[in-house]
Amino acid sequence: MSWETVMGLEVHLQLATQSKIFSGSATAFGAAPNEQADAVDLGMPGMLPVLNEEAVRYAVKFGLGIGARIGERSVFDRKNYFYPDLPKGYQVSQFFAPIVCEGVFEVPLEDGSLFPIRITRAHLEEDAGKSVHDAFSRETGIDLNRAGTPLLEIVTEPDFRSAEQAVAYLKALHSLVTYLGISDGNMAEGSMRCDINISLREKGSDALGTRTEIKNVNSFRFVERAIHSEYERQADILDGGGSIIQETRLYDAEQNVTRSMRSKEVANDYRYFPEPDLLPIVIDAEYIEAVRATLPELPGAKRARFTADYGLNDYDAALLVPHHALADYFEAVVAAGGAAKPAANWILGDFTAALNRNEIDITASPISAAQLAGLIARIEDGTLSSKLAKQVFDGLWAGEGDADQIIEARGLKQVSDTGALESMVEAVIADNPDQVSQYLAADEAKQKKLSGFFVGQIMKASKGQANPQMVNELLLKKLKDQS
Amino acid sequence: MSVSPQDVEKVALLARLAISESDLPEVTERFGRVLGLVDELNTIDTETVVPMSNPHDMHQRLRPDTVTGRNDRENLMASAPAQEQGYFLVPKVID
Amino acid sequence: MTDNALLSGSVSSLRQQLRDRAVSSEELTRACLERIEAYNGALNAVITLCSEQALDSAREADKAIAKGDIASLTGIPLLHKDIFCTNGVRTTCGSRMLEQFVPAYDATVVTKMRAEGAVMLGKCNMDEFAMGSSNETSFFGAVRNPWDLNCVPGGSSGGSAAALAAGMAPLVTGTDTGGSIRQPASLCGVTGLKPTYGRVSRLGIIAFASSLDQAGPMARTAEDCAIALTAMSGIDAGDSTSADIPVPDFHAGLHHDVQGLRIGLPREYFNEDLDPDVRERVIAALSVLEQAGATLVDIELPHSHYAIATYYVIAPAEASANLARYDGVRFGYRCEEPIDLEDLYLRSRSEGFGEEVQRRILVGTYALSAGFYDAYFNKAQQVRRVITEDFTRAFESVDVIAGPSAPGVAFQFGAKQQDPVAMYMEDIYTLAVNLAGLPGLSTPAGLINGMPVGLQLIGKPFDEQTILNAAHRLQSDTDWHMARPQLETVTP
């Protein structure tokens with residue numbers, strides 16, 4: 001039986017504030033255990049939370065970024081359960097009245113189309129600490145540095161029907177939050193964590209099947225694999241006439257399976273109730289407009305502008321936009337005089353390849369936008385052939401100067417002087433009488449193929465500097481004259 | 001509203017309290033008395049009343065996003081029942 | 001001056017004597033320490049004594065006084081209820097769970113009072129985690145009422161009230177969640193004030209019920225309470241529930257004039273359930289005020305009888321979450337050799353907490369649990385608003401509401417142990433005041449068979465001044481607040 005996959009995603013996003021959501025401890029990564037955990041974070045007796053204004057602003061920014069309704073009066077609630085990395089024995093979260101209410105997020109798919117995902121809500125909460133299981137033989141170590149880091153939990157409706165959609169959503173979310181500057185959205189580092197709620201149903205059915213929750217999947221690839229392996233598992237059970245147990249599972253990347261979480265077997269009744277140590281967050285229209293005024297151009301708008309103003313196709317636009325710095329670089333290249341389409345090609349091709357090969361981020365790029373623009377201009381004006389352009393690119397990367405300097409220094413100027421080229425063509429024809437005879441004896445189709453030999457020889461003789469289009473024209477004319 | 005010993009045991013588990021077999025009947029009985037007291041609430045109609053979490057109509061104040069904490073680990077962990085290399089220790093947890 | 005005269009002096013008079021250099025803070029502190037040494041064996045009011053620190057602070061205070069550097073409490077010895085975290089000084093909350101706990105920080109109240117020059121003598125015994133009305137639930141043993149050693153002092157601030165009544169210090173602090181300052185004040189014949197919710201910072205006070213807890217002073221006079229309240233009050237950025245409201249100088253604003261003061265008497269408080277002896281004392285006290293120009297007005301607080309049910313859902317519910325942090329992981333009691341995590345939690349908590357605390361945690365957990373939240377917790381929050389609206393309506397026609405502080409005088413140990421509800425009824429007149437977040441005080445109204453009883457005065461939000469003034473007038477026209485227990489006949 002072929003089943004339809006129905007999924008909803010819950011993403012926990014660490015907000016990039018300087019201090020924690022309820023205390024003044026630093027949120028910076030990398031401190032020694034418990035050196036960034038103050039009395040409030042540790043849940044010491046008598047300690048009380050005070051709300052970080054930036055966490056509120058970031059949440060509102062997100063809400064506006066997805067066009068959601070902002071909760072004018074949101075409330076914190078206590079989510080009660082026992083776990084050693086949860087110091088107070090409850091997590092301060094928002095259950096009854098979240099700060100961001102319903103919205104729709106348009107996700108660009110690979111084919112360039114937009115897929116609307118309904119966001120149910122997004123709410124603020126505090127992160128828990130970390131349990132370290134393998135540092136001590138018979139104990140688990142608890143590090144509370146992370147406890148109290150602000151999180152935004154983003155919940156979608158069960159609108160996903162495929163792993164591709166889920167991954168596209170996560171990528172788009174990553175893009176949006178980095179544009180907004182509210183998080184670095186890094187799954188591998190844990191600043192963006194994904195839980196997947198997945199159930200299967202017969203195609204065409206409206207009812208929802210029993211779902212399982214796959215927790216804390218930390219890469220796009222694992223999300224895809226986890227969904228596929230859980231689909232297989234559930235499909236097998238349903239095909240065999242069995243039923244799905246509602247439970248929490250973890251994705252085991254090594255075995256490529258999902259496993260039931262033993263520790264979550266004890267049914268958790270979270271007993272949510274309004275947090276009495278905090279008061280309702282009241283947000284007025286003025287505040288919302290003030291935050292709206294600080295929003296940057298968002299990915300969706302930028303994609304639209306790139307296709308409209310630069311004439312890029314959807315595919316290229318979709319590749320340039322997600323990484324803000326890359327999109328900015330592109331625009332800087334164009335502003336410096338590089339033509340848009342070639343600029344897109346270079347950036348998405350050789351430039352990105354070089355960044356990856358050297359494992360550096362675009363912000364550390366040795367080629368400035370102006371330099372790349374210079375290279376493109378020289379190709380467009382015929383000074384440089386496309387083939388030799390790559391050498392110039394390498395020269396730019398190595399810091400040999402800008403395009404003109406490199407062309408000069410390496411003598412890479414394309415030869416476009418008709419007289420010089422004619423001499424080269426005549427020389428090659430004279431040197432290769434057998435090939436000329438073959439050519440003259442061949443039909444049109446074969447001639448096209450054979451002309452490549454002559455062009456190749458001329459390019460070799462000219463060390464690639466001959467202007468290939470002109471060579472071709474002159475060659476065909478001269479060969480014709482031979483007959 | 002009366003409660004059974006099983007109800008009490010379920011609640012005790014949620015609260016991580018251990019009640020011995022021998023104590024359970026008395027704990028249940030006394031617990032039941034408190035619930036009896038509380039059942040008075042059923043006799044009042046509060047259909048349209050907004051629940052009150054805080055006695056005054058105050059809003060949450062916001063704190064600027066500045067780091068005011070400092071490393072006070074030594075002092076704060078001085079009371080820790082078990083620690084090593086800066087970690088709090090608990091019996092090993094299997095996830 | 002004899003020690004006794006010294007020790008029965010009010011904060012106000014002692015301040016003057018310190019200023020006049022008639023007595024030094026060191027002498028005063030020593031007298032208190034000796035008194036504690038003499039009688040704590042019998043009373044068990046003090047859990048932790050800080051003699052050396054106290055004398056050091058006293059000497060510092062004397063130096064400051066010599067320089068003319070005098071704040072509102074410079075040189076005055078005080079005791080803090082052991083619920084206020086004190087940096088470097090053990091803070092137990094009356095529980096085995098925190099028997100060894102030494103905080104690395106001070107409660108804001110402690111900081112403020114030290115800043116005003118007060119000299120901390122030590123920490124007072126209390127009902128465990130502030131849950132109780134008799135100070136019988138303390139892990140450190142019951143506190144005895146100095147008026148009758150076979151009787152309870154009230155609770156949960158029983159140690160504070162007893163210490164004050166016994167002359168161990170002229171000023172003590174307490175906390176009040178359902179009556180825990182006012183009821184012991186009544187049972188020990190002293191003056192105790194619970195400020196408006198939000199008037200005093202809760203930062204550093206070990207939490208019982210977050211939306212109900214308030215810290216307040218207990219002293220021999222309303223005037224002293226006014227001095228102390230001014231020192232303790234004020235917005236605290238570290239406590240989101242502390243109110244952004246200016247703190248008047250309650251002492252400077254204190255006066256005797258009750259002409260035209262409208263005192264409301266809820267008929268629900270003065271019904272057939274009220275003990276006739278208590279009624280007699282309360283009416284006597286009100287008559288004094290009436291004679292002084294106040295008007296007594298009959299009012300209604302129709303939903304009063306719901307207060308106890310409401311309180312016994314909300315307080316345990318909030319407490320069940322507030323006490324979840326006591327899990328043997330980062331501080332506090334941990335059981336011996338836990339075999340796994342669940343064992344760590346179950347045994348640490350079951351061994352660390354006493355019976356009443358465990359019972360309230362169970363009740364609170366139940367009231368919040370799936371299927372019961374609407375019927376219990378949410379319902380109680382709704383009724384809380386209804387009760388509060390009763391007061392708001394009443395305050396449209398009166399300035400102050402009066403009634404008994406407690407249903408009777410101090411009872412014998414064990415008298416209310418057989419049924420938890422019997423103990424809860426001790427707070428029948430005080431609970432609603434916490435639910436509504438109003439200020440309330442208890443002032444002595446004489447003796448019944450030699451045992452003290454108190455008059456409760458409830459004020460409008462943030463109007464502690466009016467109830468202090470009314471108590472001040474009562475104390476000017478009577479000498480009930482001057483009565484002292486005959487401790488000298490007690491064998492320590």
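Before reading further, recall that the structure is shown in the block above.
Residues numbered from 1 in each chain as written. Chains lettered and ligands numbered in written order. Predicted model: local features only at pLDDT ≥ 70, side-chain atom pairs only at ≥ 80, totals over all residues. Heavy atoms only, no water.

With respect to the overall build of chain B
Rule in force here: Helix and strand definitions follow DSSP, with helices as H or I runs of at least four residues and strands as E runs of at least two, each counted in order from the N terminus. In this setup the radius of gyration rests on C-alpha atoms only. A globule is expected at 2.2 Å times the number of residues raised to 0.38. When a residue's accessible area, from a 1.4 Å probe over protein chains only, is under 20% of the maximum for its type it is buried; when over 50% it is exposed; and in between it is partly exposed. Residue burial considers only the protein chains on display, and all accessible areas are found by Shrake-Rupley using a 1.4 Å probe. His is not counted, nor are the chain ends, whereas Lys and Arg count as positive and Asp and Glu as negative. In plain terms, the charge of a residue is placed at NZ if it is Lys, CZ if Arg, CG if Asp and CD if Glu.
Along chain B, the regular secondary structure elements total three helices and three strands. Going from N to C terminus, chain B has its helices and strands arranged as α-α-β-α-β-β. Against the globule reference of 12 Å for 95 residues, chain B gives a C-alpha radius of gyration of 23 Å, more extended than a compact globule. Along the first, second and third principal axes, the C-alpha set of chain B runs to 55 × 45 × 25 Å. Out of the 95 residues belonging to chain B, those deemed buried represent 44%. Split by element, the accessible area of chain B, about 5,200 Å² in all, is 49% carbon and sulfur. If you average the places of the 9 positive and of the 16 negative side-chain charges in chain B, the two averages end up 10 Å apart.

So, the side chain of E356 of chain C
All names here are of chain C. Stated precisely, the cut-off is as follows: Whenever two N or O atoms come within 3.5 Å, that pair is a polar contact, provided that in protein one can donate a hydrogen and the other can accept it, and provided that, for residues adjacent in sequence, both atoms are side-chain atoms. Note on contacts: a residue pair is in contact if any heavy atoms of the two residues lie within 4.5 Å.
Mapping E356 onto the fold places it in helix 12 (residues 355-368). E356 gets classed as buried once you look at its relative accessible area, which sits at 13%. At 2.8 Å, the side chain of E356 forms a polar contact with the side chain of R359. At 2.7 Å, the side chain of E356 and the side chain of Y424 are in polar contact. Those residues in contact with E356 that sit more than four places away from it in its chain are M131, T137 and Y424.

As for the sheet that holds strand 2 (residues 83-84) of chain B
Strand pairing in a sheet is mediated by backbone hydrogen bonds. Such pairs are either parallel or antiparallel. To be explicit about the condition: Whether two strands pair depends on DSSP finding at least two bridges between them.
In space, the four strands of this open sheet follow the order 8(A)-9(A)-3(B)-2(B), with antiparallel pairing throughout. Each having just a single partner strand, strand 8 (130-132) of chain A together with strand 2 of chain B make up the two edges of the open sheet. Sheet topology note: the strand 9 (residues 139-143) of chain A/strand 3 (residues 87-91) of chain B ladder contains four bridges and is antiparallel. Bridging from a neighbouring strand, T140 of chain A pairs with V90 of chain B of strand 3 of chain B.

Structural notes on helix 8 (residues 222-232) of chain C
Residues and elements named next belong to chain C. Extensive coverage of helix 8 is indicated by the burial of nine of its eleven residues. The set of residues buried in helix 8 consists of A222, D224, C225, A226, I227, A228, L229, A231 and M232. Its buried side turned inward, helix 8 meets helix 2 (11-19), helix 5 (108-115), strand 4 (171-176), strand 5 (191-194), strand 6 (214-219) and helix 16 (464-477). Once helix 8 finishes, G234 follows within two positions and takes phi at roughly 135°, a positive value.

Some words on the interface of chain C and chain B
Keep this limit in mind: Buried surface area refers to the total accessible area, computed with a probe of radius 1.4 Å, that the two partners give up upon joining, counted for both partners together. In what follows, salt bridge is the name for a side-chain nitrogen of Lys or Arg lying within 4 Å of a carboxyl oxygen of Asp or Glu.
Each partner contributes to the interface: chain C provides 71 residues, whereas chain B provides 49 residues. Both sides together, the interface formed by chain C and chain B hides about 5,100 Å², and carbon and sulfur atoms give 66% of it. Among the residues chain C hides against chain B, the three largest losses belong to L362, Y366 and R385 of chain C. Together they make up 13% of the total. At the junction of chain C with chain B, the criterion picks out three salt bridges. Note that E355 of chain C and R30 of chain B form a salt bridge whose closest N and O atoms lie 3.3 Å from each other. Remark: the boundary between chain C and chain B carries 22 residue pairs in polar contact (both at pLDDT 80 or more). At the level of elements, helix 10 (307-322), helix 11 (341-352), helix 12, helix 13 (374-394) and helix 14 (420-424) of chain C are the ones that each hand at least two residues to the side of chain C that touches chain B.

Some details on the interface of chain C and chain A
Selection criterion: Throughout, the ten residues Ala, Val, Leu, Ile, Met, Phe, Trp, Tyr, Cys and Pro are labelled nonpolar, Asp, Glu, Lys and Arg are labelled charged, and all others, Gly among them, are labelled polar.
The interface of chain C with chain A comprises 35 residues on the first partner and 30 residues on the second. Of the roughly 2,600 Å² buried at the junction of chain C and chain A (both faces included), carbon and sulfur atoms supply 64%. Here R202 of chain C ties to D277 of chain A by a salt bridge, and the two come within 2.9 Å at their closest N and O atoms. For the pair chain C and chain A, the number of links is 14 residue pairs in polar contact (both at pLDDT 80 or more). Contributions of two or more residues to the side of chain C that touches chain A are made by helix 10, helix 11 and helix 12 of chain C. With four residues, the single largest contributor to the side of chain C that touches chain A is helix 10 of chain C. Its residues assigned to classes, the side of chain C that touches chain A comprises 19 nonpolar, nine polar and seven charged.

Some words on the nonpolar core
Proteins that are soluble and globular tend to have nonpolar side chains buried together. Put simply, the rule is: Grouping buried Ala, Val, Leu, Ile, Met, Phe, Trp, Tyr and Cys residues that are joined through side-chain atoms within 4.5 Å yields what is termed a nonpolar core.
F62, L124, I154, Y169 and I196 of chain A together with F129 and F391 of chain C are the most contacted members of the largest nonpolar core, which totals 235 residues. Excluding residues that lie within four positions of it along the chain, I196 of chain A makes contacts with M7, G8, L9, T212, E213, I214, V217, V223 and I227 of chain A. Core analysis: the next-biggest nonpolar cluster, separate from the first, contains 42 residues, A31, A58, V152 and A410 of chain C among them.

What to know about the packing of aromatic side chains
Counted only if it meets this: Between 30 and 60 degrees the pair is tilted, below 30 it is stacked and above 60 it is edge-to-face, where a pair is any two Phe, Tyr or Trp rings, Trp via its six-membered ring, whose centres lie within 6.5 Å.
Overall, the coordinates contain 35 aromatic pairs over all chains when judged by the stated rule. An angle of 80° between the planes, with centres 5.2 Å apart, marks the rings of Y310 of chain A and F330 of chain A as edge-to-face. One end of the pair, Y310 of chain A, is in helix 5 (residues 299-310); the other, F330 of chain A, is in helix 7 (residues 324-335), and 20 residues separate them in sequence. Relative accessible area serves as the criterion here: at 22%, Y310 of chain A is assigned to the partly exposed category. Judged by its relative accessible area of 0%, F330 of chain A falls in the buried class. Taken together, a centroid distance of 5.6 Å and an interplanar angle of 75° make the contact between F129 of chain C and F353 of chain C edge-to-face. Separated by 224 residues along the polypeptide, F129 of chain C in the loop between strand 3 (119-124) and helix 6 (158-165) and F353 of chain C in the loop between helix 11 and helix 12 bring together distant segments of the chain. According to the relative accessible area criterion, F353 of chain C is buried, its value standing at 3%. An aromatic cluster of at least three residues, connected via ring pairs, comprises Y81, F95, F96, Y270, Y272 and F273 of chain A together with Y373 and F377 of chain C.

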